[in-house]
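So the chains spell out like this:
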Amino acid sequence: FSKLAHVVVAHMHSTFPEIKKKEKYIVEILQDEEATFERTLKRGLDHFSKSSDKLLSEGKKIVPGELVFRLYESMGFPVDLTELMAEEKGMSVDLDGYEKCMQEHVEISKKKKTKNE
């Protein structure tokens, strides 16, 4: 995305002149975000790979919903990406378990919010 910033600035600077003045800053921010995303993606891929290899070695072919949720919640890993990676290894994903974890997370968050008000 950072490489596209120059194109966006070239096309949009007449409407948004401030982006021309801050082009270098915008590119730096995009590069930082790309680097952060790359690190997060690598951590998620590594975590999934180790976890799925362990499950397969135990004869299990279903990725637990708890793992899917942890990848999503702590690493921002999209559920559909986890599903694709699982399919590549001949596995499936426990979506019901994932939804249960998500619902529990929502309930805990609501309780914390209510407690803090």
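As shown above, the structure is provided for reference.
Counting restarts for each chain: residues are numbered from 1 in the order of the written sequence. It should be noted that, the model being predicted, local features are given only for residues of pLDDT at least 70 and side-chain atom pairs only at 80 or more, the latter also being counted only at that level, while totals for whole chains, interfaces and linings use all residues. For the side-chain quantities, the full set of heavy atoms in the structure was used; hydrogens and water were omitted.

Colleague: How do you make sense of the side chain of Glu23 when you look at a structure like this?
Modeller: Within the element layout of this structure, Glu23 appears in helix H3 (residues 23-57). Partly exposed residues are those whose accessible area sits between 20% and 50% of the maximum for their type, while under 20% is buried and over 50% is exposed, using a 1.4 Å probe and protein chains only. Under the relative-accessibility criterion, Glu23 is labelled buried at 15%. Only heavy atoms enter the contact rule, under which two residues are in contact if any of them lie within 4.5 Å. The residues contacting Glu23, other than those within four sequence positions of it, are His6 and Val9. Here a helix means four or more residues in a row that DSSP labels H or I, a strand means two or more in a row labelled E, and each is numbered from the N terminus.

Colleague: When you look at the pattern of salt bridges in this model, what are you seeing that I'm missing?
Modeller: Salt bridges, as used here, are contacts in which a Lys or Arg side-chain nitrogen is within 4 Å of a carboxyl oxygen on Asp or Glu. Inspection of every chain in the model, using the stated rule, returns five salt bridges. The partner of Glu58 in a salt bridge is Lys60, and the shortest N-O contact between them spans 3.3 Å. When its relative accessible area of 39% is taken as the criterion, Glu58 is described as partly exposed.

Colleague: I keep staring at helix H5 (residues 79-88) and nothing clicks. Help me out?
Modeller: Since the α-helix packs 3.6 residues into each turn, any two residues three or four apart lie on the same face. For H5, the full list of buried residues reads Val79, Thr82, Met85 and Ala86. The buried side chains of H5 occupy one side of the element, clustering within an arc of 120° when seen end-on. When the buried face of H5 is taken as reference, the exposed residues oriented beyond 90 degrees from it are Glu87 and Glu88. Just downstream of H5 lies Gly90, where phi reads positive at about 75°. The directions considered for the arc run from the helix axis to the C-beta atoms.

Colleague: Would you explain the packing of H3 against helix H4 (residues 65-75) in this entry?
Modeller: Angle between the axes and distance between the axes: these two values describe a pair of packed helices. Relative to each other, H3 and H4 sit at 165°, their axes nearing to 11 Å. In terms of orientation, H3 lies roughly antiparallel with respect to H4. For H3 against H4, the interelement crossing comes out right-handed. Residue-level inspection shows Thr40, Arg43, Gly44, His47, Phe48 and Ser51 of H3 in contact with H4, the latter providing Leu67, Arg70, Leu71, Ser74 and Met75. Three categories are distinguished: nonpolar for Ala, Val, Leu, Ile, Met, Phe, Trp, Tyr, Cys and Pro, charged for Asp, Glu, Lys and Arg, and polar for the others, with Gly belonging to the last. Among the residues forming the contact of H3 with H4, the class breakdown is four nonpolar, five polar and two charged. Axis lines are fitted through C-alpha atoms, for helices just across the contact stretch, and the angle between N-to-C directions can take any value from 0 to 180 degrees. We call two directions roughly parallel when the angle between them is under 35 degrees, roughly antiparallel when it is over 145, roughly perpendicular when it lies between 65 and 115, and oblique otherwise. It is the rotation of the near helix from the far one that decides the hand of a crossing: anticlockwise by less than a right angle makes it left-handed, clockwise makes it right-handed.

Colleague: Hey, could you run me through the side chain of Ser51 in this one?
Modeller: Inspection of the secondary structure puts Ser51 in helix H3. In protein, a polar contact requires one atom able to donate a hydrogen and another able to accept it; more generally it is a pair of N or O atoms within 3.5 Å, and residues adjacent in sequence count only if both atoms are side-chain atoms. One polar contact links the side chain of Ser51 to the main-chain carbonyl oxygen of His47, over a distance of 2.9 Å.

Colleague: How do you make sense of the packing of aromatic side chains when you look at a structure like this?
Modeller: A ring pair, where both rings are aromatic, is described by two values, the distance of the centres and the angle of the planes. Aromatic rings from Phe, Tyr and Trp, taking only the six-membered ring of Trp, are treated as a pair when their centres fall within 6.5 Å; an angle between ring planes under 30 degrees marks them as stacked, one over 60 as edge-to-face, and anything in between as tilted. If you walk through the whole model with that rule in mind, you get two aromatic pairs. Between the aromatic rings of Phe69 and Tyr98, the centroid separation amounts to 6.4 Å while the plane-to-plane angle is 50°, which identifies the pairing as tilted. Of the two residues, Phe69 is situated in helix H4 and Tyr98 in helix H6 (residues 95-116); the sequence distance between them amounts to 29 residues. Across the pair, exposure class does not vary: Phe69 and Tyr98 are buried alike. Ring centres 6.2 Å apart and planes at 90° place the aromatic pair Tyr72 and Tyr98 in the edge-to-face group. One end of the pair, Tyr72, is in helix H4; the other, Tyr98, is in helix H6, with 26 residues separating them in the sequence. Judged by relative accessible area, Tyr72 falls into the partly exposed class, the value being 37%. A relative accessible area of 8% means that Tyr98 is categorised as buried. Put simply, the rings of Phe69, Tyr72 and Tyr98 pair up and form one aromatic cluster.

So yeah, pure geometry; function would need other evidence.
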